[in-house]
Amino acid sequence: MKSEAKRRLQRSEVRRYSSRILKAGALLDETKTLLGRWNNSLSIRENLDRFLKCNILGKQSRSRAGDILDAFRQRYLTEEDVTRALVALVGAGYPSGSLDRVLYFHTAMSDPLIHDFVIDMLWPRYRRGIVNVDSDDAAAWIREKLSAGQMVSEWSDSTIERAASGLLAAARDFGVLSGSREKRICGAYLPTDAFAYIAFYLSRIQPSGRRLLESEEWLLFFMEGDVVEMHFMEAHQQHLLNYQAAGSVIRISFPAQSMEEYAHVILERAHRAA
């Protein structure tokens, strides 16, 4: 596992946020197009140069295409094994209901602003039974972070407002929020196969079964405790992993060594179940 992935998972005392959300939202359709046209025999730079030269995304502005490719690189190209896994899933026609959750997870892991907005702002409200959220709520949360010195630079009021709208739009597109004008927190439904994919990714960072079960990252899907354990048991029943609990001892193992191998395990299980 790369040190950068470990750094993402280990939350520092002072998180630094950027305004990159202003240039890229969920980008689900664009991401699937790029992964579907990815050539594993070429380097990252060769693939991205080819996409930009051919205008594969059909954008009128070269600058806009560049912003999307920059976001794509940040989210999905920092770990070759992950890139290959995603290319395999998209190439095999992996269902959007599961793929979108996987893409949301990788996006949140790559962007602290999105990650912490969900875990620190949306999740506590949801747990208290407060499901409505608007741009003023998001802007207030951003201002708190700005006051705490957690932005890489000073933000103007207009930047804060646009970032708040961008966060809400991205969360909606990823299925965490619902509604067009009035947003409601609904959580992101996590199919068992997508749960297993994420569990495998996290297991490479945190091999302890107990700590994997209690990982903060499950809060991205508004899950904790018994709900997470139930998902592990369902994944066990579907032969996506092996989950054993004996008192306080929890053992979790997977039938693969790499992300790409595990992507093919998921696809094979899906094919058998069809």
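Please read all numbers here as calculations on a predicted model, not as lab measurements.

## Thoughts on the overall build of the protein
When you go through the protein residue by residue, the secondary structure sums to 13 helices and five strands. Over its C-alpha trace the protein gives a radius of gyration of 19 Å, about what one expects of a compact globule, namely 19 Å for 274 residues. If one aligns the C-alpha atoms of the protein with their principal axes, the spans along those axes are about 50 × 50 × 35 Å. Pairs at least 24 residues apart make up 68% of the contacts formed inside the protein by residues separated by at least 6 positions. Taken as a whole, the protein presents about 13,300 Å² of accessible surface, with 45% of it coming from carbon and sulfur. Of the charged side chains in the protein, 37 are positive and 35 negative, and the gap between their average positions amounts to 3 Å.

## A few points about helix 13 (residues 259–273)
Taking 1.5 Å as the rise per residue, helix 13 with 15 residues should run 21 Å; its terminal C-alpha atoms sit 21 Å apart, in good agreement. Within the sequence span of helix 13, burial applies to Met259, Tyr262, Ala263, Val265, Ile266 and Leu267. Structurally, helix 13 contributes buried residues whose contacts are with helix 5 (80–91) and helix 10 (192–205).

## Remarks on the sheet that holds strand 1 (residues 132–133)
Strand order in the open sheet formed by three strands is 1-3-2, with antiparallel pairing between adjacent strands. Looking at which strands have only one partner, the edges of the open sheet turn out to be strand 1 and strand 2 (177–178). Here two bridges tie strand 1 to strand 3 (residues 183–185), and the two strands are oriented antiparallel to one another. Counted as the bridge partner of Val133 is Lys183 from strand 3.

## Let's talk about the packing of helix 6 (residues 96–110) against helix 7 (residues 112–127)
Contact geometry for helix 6 and helix 7: axes closest at 5 Å, N-to-C directions at 105°. With respect to each other, helix 6 and helix 7 are oriented roughly perpendicular. Within the contact between the two elements, helix 6 uses Tyr104, Thr107, Ala108, Met109 and Ser110 and helix 7 uses Pro112, Ile114, His115 and Val118. The residue makeup of the contact of helix 6 with helix 7, split by class, is six nonpolar, three polar and no charged.

## Some remarks on a negative patch on the surface
A grouping of Asp134, Asp136, Glu161 and Glu182 is seen on the molecular surface, where their side chains present a negatively charged patch. Here Asp136 lies in helix 8 (residues 135–147).

## Details of the confidence of the model for the protein
For the protein, per-residue confidence averages 90 on the pLDDT scale, and 94% of positions sit at 70 or higher. Every residue in residues 1–10 is under pLDDT 50, and counting partners more than four places away or in other chains gives 24 contacts.

## Re the side chain of Asp193
By the secondary structure assignment, Asp193 is in helix 10. For the buried residue Asp193, which engages in no salt bridge, the nearest side chain bearing the opposite charge is Arg101, 9.6 Å off. One polar contact links Asp193 to Ser98, side chain to side chain, over a distance of 2.9 Å. Leaving out residues up to four positions away in the same chain, Asp193 has contacts with Tyr94, Ser98, Leu240 and Ile266.

## Quick word on the pattern of salt bridges
On inspection of all chains with the given rule, the structure shows 11 salt bridges. The partner of Arg204 in a salt bridge is Asp81, with the nearest N and O atoms 3.3 Å apart. Taken together, the positions of Arg204 in helix 10 and Asp81 in helix 5 put the pair 123 residues apart, joining distant regions of the chain. For Arg204, a relative accessible area of 24% gives the class partly exposed. One network of salt bridges, with partners in common, ties together Glu79, Asp81 and Arg204.

## Considering the nonpolar core
Among the nonpolar cores identified, the biggest contains 97 residues, and Leu122, Tyr197, Trp218, Phe232 and Tyr262 are the most heavily contacted of them. With 10 residues, helix 10 is the largest single contributor of residues to this core. If we skip the residues at most four places from it in the chain, Phe232 touches Phe195, Ala199, Leu212, Leu213, Trp218, Leu241, Tyr243 and Ile252.

## Considering the layout of surface pockets
One number sums up the size of the second largest pocket: a volume of about 170 Å³. Lining the second largest pocket, in full, are Ser19, Arg20, Lys23, Ala24, Asp67, Asp70, Ala71, Gln74, Arg75 and Asp111.

Conventions used here
- Residues numbered from 1 in each chain as written.
- Predicted model: local features only at pLDDT ≥ 70, side-chain atom pairs only at ≥ 80, totals over all residues.
- Heavy atoms only, no water.
- Helix = DSSP H or I, 4+ residues; strand = E, 2+ residues; numbered from the N terminus.
- Rg over C-alpha atoms; globule rule 2.2 N^0.38 Å.
- Contact = heavy atoms within 4.5 Å.
- Areas by Shrake-Rupley, 256 points an atom, 1.4 Å probe, with all protein chains shown as cover.
- Lys, Arg positive; Asp, Glu negative; His and termini not counted.
- Charge placed at Lys NZ, Arg CZ, Asp CG, Glu CD.
- Expected span 1.5 Å × (residues − 1).
- Buried < 20%, exposed > 50% of the residue type's maximum accessible area, 1.4 Å probe, protein only.
- Pairing = 2+ DSSP bridges.
- Axes fitted to C-alpha atoms, helices over the stretch in contact; angles between N-to-C directions.
- Parallel < 35°, antiparallel > 145°, perpendicular 65-115°, else oblique.
- Nonpolar A, V, L, I, M, F, W, Y, C, P; charged D, E, K, R; others polar.
- Patch = residues over 30% accessible without salt bridge, like charges linked within 9 Å, V, L, I, M, F, W, Y side chains within 5 Å.
- Salt bridge = Lys/Arg side-chain N within 4 Å of Asp/Glu carboxyl O.
- pLDDT = per-residue confidence, 0-100.
- Polar contact = N/O pair within 3.5 Å; in protein donor to acceptor, adjacent residues only side chain to side chain.
- Core = buried A, V, L, I, M, F, W, Y, C linked by side-chain atoms within 4.5 Å.
- 1 Å grid on protein atoms, 1.4 Å probe; cavity = no way out; pocket = protein on both sides within 12 Å on 5 of 7 lines; lining within 4 Å.
- Points joined across faces, edges and corners; volume = space filled by probe spheres on them.

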